[in-house]
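Observations on the three-dimensional arrangement
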Amino acid sequence: MAGAHIFDSSNTIIPMKSWTLLAIIGLLAFVLRVYQLGSIPPGLYSDEVSIAVNAKSILLTGKDEWGKPFPVLFRAYGEYKLPVYIYLTAVLEKLLGYTDLAVRVPSAAAGTLAVIAAYMLIVGWGKKPALLTALFMTISPWHLQFSRGGFESSVAFSLTLWAAVFFLKGLVRHRYLAVAFVCAVTATQTYLSARVFVPLMAVMIVVIFWPKLRLSKKELFSLAVFMFVIIAALFSTYISFESSIRFQSQSVLTMGGNLLNNLTENLIKNFSFDFLFFHGDPNPRHGLLVMGELYYWQLPLIVIGGGYVFKKSKELFALLIAWLAIGSLPVALSSVSPHALRGLLMVFPWQAFSTFGAICLLKMKTTKWIVAPMVALFLIFYLHSYYVHIPSELGKAWGDGIKQAVIFADSSPVPRVYVQEKILWPYFHWYANNEKFIYVEGSRSLTDLKDPGAWLIAPVEIALPYKTIRDVSYVSGDVGWKIYEL
Amino acid sequence: MGTRFTEFMISDVTCTIAWISQDLPHQVWEAQAADGMGAYTWLTRFLHNKIMFWGSNLARCYVSYLSPDYIAKKFTLVGLAVFLVTIWWLVSRKKYKWLALIFLIPAILLFL
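Residues numbered from 1 in each chain as written. Chains lettered and ligands numbered in written order. Predicted model: local features only at pLDDT ≥ 70, side-chain atom pairs only at ≥ 80, totals over all residues.

Observations concerning the overall build of chain B
Selection rule: By the criteria applied, helices consist of DSSP H or I runs no shorter than four residues and strands consist of E runs no shorter than two, each listed in order from the N terminus. With C-beta atoms placed from the backbone, a residue counts as buried when 20 or more other C-beta atoms lie within 10 Å of its own, as exposed when 12 or fewer do, and as partly exposed for counts between those limits. In this description, a residue-residue contact is defined by the distance between C-beta atoms placed from the backbone, which must lie within 7 Å.
Broken down by element type, chain B carries six helices and zero strands. Ordered by position from the N terminus, the helices and strands of chain B form the series α-α-α-α-α-α. With 112 residues in all, chain B has 11% of them scored as buried. Looking at chain B alone, contacts between residues at least 24 apart form 61% of all its contacts between residues at least 6 apart.

Some thoughts on the overall build of chain A
Definition in use: Computation of the radius of gyration draws on C-alpha atoms, with the globule rule given as 2.2 Å multiplied by the number of residues to the power 0.38.
Check the secondary structure of chain A and you find 19 helices and seven strands. Here the C-alpha atoms of chain A give a radius of gyration of 24 Å, agreeing with the 23 Å that 2.2 N^0.38 yields for 486 residues. Considering only contacts in chain A between residues 6 or more positions apart, those separated by 24 or more positions represent 70%.

Some details on the interface of chain A and chain B
Operational definition: Amino acids are sorted into nonpolar (Ala, Val, Leu, Ile, Met, Phe, Trp, Tyr, Cys and Pro), charged (Asp, Glu, Lys and Arg) and polar (every other residue, Gly among them).
Opposite the 18 residues of chain A that make contact, chain B presents 16 residues. Listing elements by their share of the side of chain A that touches chain B, those giving two or more residues are helix H12 (259–269), helix H13 (273–278), helix H14 (298–312) and helix H17 (368–394) of chain A. In terms of residues, the side of chain A that touches chain B owes the most to one element, H17(A), which gives six residues. Taken together, the residues of the side of chain A that touches chain B break down into nine nonpolar, six polar and three charged.

Some points on the domain arrangement of chain A
All names here are of chain A. The condition that has to hold: Start and end points for every domain follow an automatic or database-based domain assignment.
Here chain A is partitioned into domain 1 (16–390) and domain 2 (401–485). For domain 1 and domain 2, the distance between their C-alpha centroids amounts to 37 Å. The partner domain 2 presents nine residues to the eight residues of domain 1 that form the contact. A class-by-class count of the residues in the side of domain 1 that touches domain 2 yields four nonpolar, three polar and one charged.

A few points about helix H8 (residues 175–188) of chain A
Residues and elements named next belong to chain A. Here is the rule: The span you would expect from a helix comes to 1.5 Å times its residue count less one. The directions from the helix axis to the C-beta atoms form the arc being described.
In this model H8 runs 21 Å from its N-terminal to its C-terminal C-alpha over 14 residues, within 8% of the 20 Å that 1.5 Å per residue would give. Of the residues making up H8, those classed as buried are Leu177, Ala180, Phe181, Cys183, Ala184, Ala187 and Thr188. All buried residues of H8 fall inside an arc of 160° around its axis, so they share one side.

Focus: helix H4 (residues 100–122) of chain A
Because the α-helix completes a turn every 3.6 residues, residues three or four places apart line up on one side. To keep things clear, this is the line we draw: A residue's bend is the angle separating two fitted axes: one through the seven residues that end there, the other through the seven that start there.
Taking 1.5 Å of rise per residue, the 23 residues of H4(A) would be expected to cover 33 Å, and the 35 Å separating its terminal C-alpha atoms lies within 8% of that figure. If you look at H4(A), its biggest bend is around 25°, right at Pro106(A).

Some details on the pairing of strand S6 (residues 467–473) of chain A
Residues and elements named next belong to chain A. Our working rule: At least two DSSP bridges between two strands are required for those strands to pair.
Bridge analysis of S6 against strand S7 (residues 479–485) gives six bridges, and the strand direction is antiparallel. From the neighbouring strand, Lys467 faces S7, where its bridge partner is Glu485. From the end of S6 to the start of S7, which pair antiparallel, there are five residues, and Gly477 there has a positive phi angle of about 105°.

A short note on unusual backbone geometry
Residues and elements named next belong to chain A. Looking along the chain, the bond that leaves Ile40 and enters Pro41 is cis, with omega of 0°. Of note, Pro41 is situated in the loop between helix H1 (16–34) and helix H2 (46–61). Residue Pro338 follows Ser337 across a cis peptide bond; omega there is 0°. With respect to the helices, strands and loops of the structure, Pro338 is situated in the loop between helix H15 (314–332) and helix H16 (347–362). Positioned with a positive phi, Arg214 is a non-glycine residue whose angle comes to about 45°. By secondary structure assignment, the location of Arg214 is in the loop between helix H9 (192–213) and helix H10 (217–239). According to the C-beta neighbour criterion, Arg214 is exposed, with 10 such atoms within 10 Å.

Some words on the confidence of the model for chain B
Residue and element names in this part refer to chain B. Worth spelling out the cut-off: Confidence of the prediction at every residue is given by pLDDT, a number between 0 and 100.
Considering every residue of chain B, the mean pLDDT works out to 83; 88% of them sit at 70 or more. By mean pLDDT, helix H1 (residues 2–11) is the weakest element of chain B at 42, and helix H5 (residues 68–92) is the strongest at 91. For residues 1–11, every residue scores under 50 in pLDDT, and the model assigns this stretch one contact once sequence neighbours within four places are set aside. Listed scores for the predicted complex are pTM 0.91 and ipTM 0.85.

Examining the confidence of the model for chain A
This prediction gives chain A a mean pLDDT of 90; 95% of its residues lie at or above 70. Between residues 1–5 of chain A, whose pLDDT stays under 50, and residues either more than four places distant or in other chains, the model counts 10 contacts.

Details of the nonpolar core
All names here are of chain A. We count it as follows: To form a nonpolar core, buried Ala, Val, Leu, Ile, Met, Phe, Trp, Tyr and Cys residues must be joined through C-beta atoms within 7 Å.
Counting 134 residues, the largest nonpolar core has Ala117, Ala118, Tyr119, Ala134, Leu161, Ala163 and Ile457 as the members making the most contacts within it. Element by element, the count of residues in this core is highest for H4, at 15 residues. In this structure, this core is formed jointly by two domains, domain 1 (16–390) and domain 2 (401–485), each of which donates at least three residues. In contact with Ala117, not counting residues within four places along its chain, are Ser158, Leu161, Trp162 and Val165.

A word on the environment of Ile24(A)
Following the sequence through the fold, Ile24(A) ends up in helix H1. Classification of Ile24(A) as partly exposed rests on a count of 13 C-beta atoms within 10 Å.

Details of the pairing of S7(A)
Looking at chain direction, strand S5 (residues 455–459) of chain A and S7(A) are connected through five bridges and run antiparallel. Bridging across to S7(A), Pro459(A) finds its partner in Trp481(A).

Spelled out as structure tokens, the structure:
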């Protein structure tokens with residue numbers, strides 16, 4: 001343990017060899033996050049398409065899909081989306097065109113940058129722990145999953161880590177404190193979980209580091225004014241009813257029963273071994289279902305690392321535990337727990353504990369011959385599951401097949417195409433060039449449609465008395481959608 | 001009281017060796033089928049075989065009895081707190097024999 005203070009990277013000079021190794025890890029992180037990014041996971045799921053459509057609309061008209069110019073909250077189906085990810089996607093769409101890849105690149109880029117930030121946070125404790133943390137973050141199933149989809153959470157997580165890095169830098173060069181603040185505020189404008197996590201964690205970190213801050217009155221005043229102006233400008237977005245619609249609809253208050261019991265139960269579920277190490281989040285878009293958010297081998301490392309950190313630095317131990325506790329709060333406050341997406345902020349402390357556990361084990365000569373093959377074996381298993389099993393088993397959850405159906409119908413000479421599922425609506429704005437798609441209200445029976453010559457797109461599960469024009473298959477080969485002629 | 005306690009203990013013990021063995025062929029078949037015809041046979045056999053599934057299921061079952069949510073569900077939050085404090089107390093006083101005994105209990109549950 002080289003570091004004298006918690007996460008103190010402010011004065012650390014990083015040797016060239018570490019930079020080389022960091023560059024290699026960074027490259028690996030980048031490759032793992034962008035390889036086949038546009039096609040795996042197969043298809044865009046509804047939130048990704050909603051982001052893509054809004055970004056396209058902003059780029060083309062300067063307005064969102066509802067006609068509101070440059071909004072700070074984007075109206076979407078069933079919720080209002082925070083703006084940062086959509087504007088980032090608009091930039092990427094400008095550069096890469098209106099492609100599925102453009103929606104996912106901000107997340108992948110943020111994921112790669114988070115790996116570098118993790119290194120910077122730990123480097124005060126020595127270059128070996130820092131490199132290991134960066135490596136664990138690089139191959140983390142939890143972090144990889146959300147870096148490879150259009151998830152705002154990935155960007156918010158990266159911004160939060162960078163806010164912490166700049167805060168530490170700011171202890172020496174005070175101007176970095178403003179950068180840290182901007183990163184933190186941007187995180188809160190990216191994903192709702194950050195609105196719970198960032199303020200609480202910020203208070204905790206400022207209290208811990210207050211004696212080291214040593215700001216002059218002038219600096220303190222300038223920083224306070226800067227912060228006040230930004231918060232005042234964005235204040236309406238924090239208190240608006242719209243921004244909290246999703247939270248209110250899925251809040252712990254909607255669960256019924258004893259509130260305290262629900263809260264504690266939700267909190268504890270984030271630390272369930274089944275969630276962490278064996279099956280992960282049951283939502284098929286949030287994991288592979290066959291493995292947890294962390295690798296099996298991280299369990300002993302976390303136990304050993306926890307003990308080691310506690311022995312070496314009570315402050316670091318308390319800070320990492322507090323990070324976990326505060327990181328699990330956004331999940332505990334909602335009705336769905338565990339939830340890997342909302343709890344993504346917890347990834348960092350788990351990797352940090354694993355790192356110190358690995359440092360302990362690697363001191364023993366024999367263990368490295370056990371740990372290294374174990375890590376490699378599980379990484380192979382993960383990559384195999386991700387690239388082979390997701391397309392064949394979980395494609396439906398990612399919206400696989402819809403793109404093919406929409407493009408086929410759009411390019412055909414048919415005048416009108418009916419669809420029933422409202423969730424499909426953004427897909428027509430994204431993939432289709434023609435205004436030929438008609439939404440059938442839920443109350444109307446699909447079997448009673450009378451429009452000879454028109455087509456209907458419906459899931460294969462619904463039996464319909466029309467002539468099949470085409471079966472649309474998932475990547476796995478199974479038929480998912482049918483196109484009928486009325 | 002003794003009988004009730006045993007019933008209480010066993011009522012939620014679903015993860016056992018018998019269960020693991022019973023489910024094994026299905027799990028292997030499912031995973032191999034998902035790989036499809038185009039997959040490398042050696043890779044499929046290397047990653048989806050009985051030893052891998054048995055080992056991973058066994059680890060999962062064993063660890064599930066030590067999971068915070070399981071302990072809290074069985075013994076309430078106070079029970080979880082008592083468990084964690086006891087572990088901490090035993091580690092800090094280097095009472096490794098008692099610690100080993102505690103960690104042996106889930107292994108016994110696997111054979112019920």
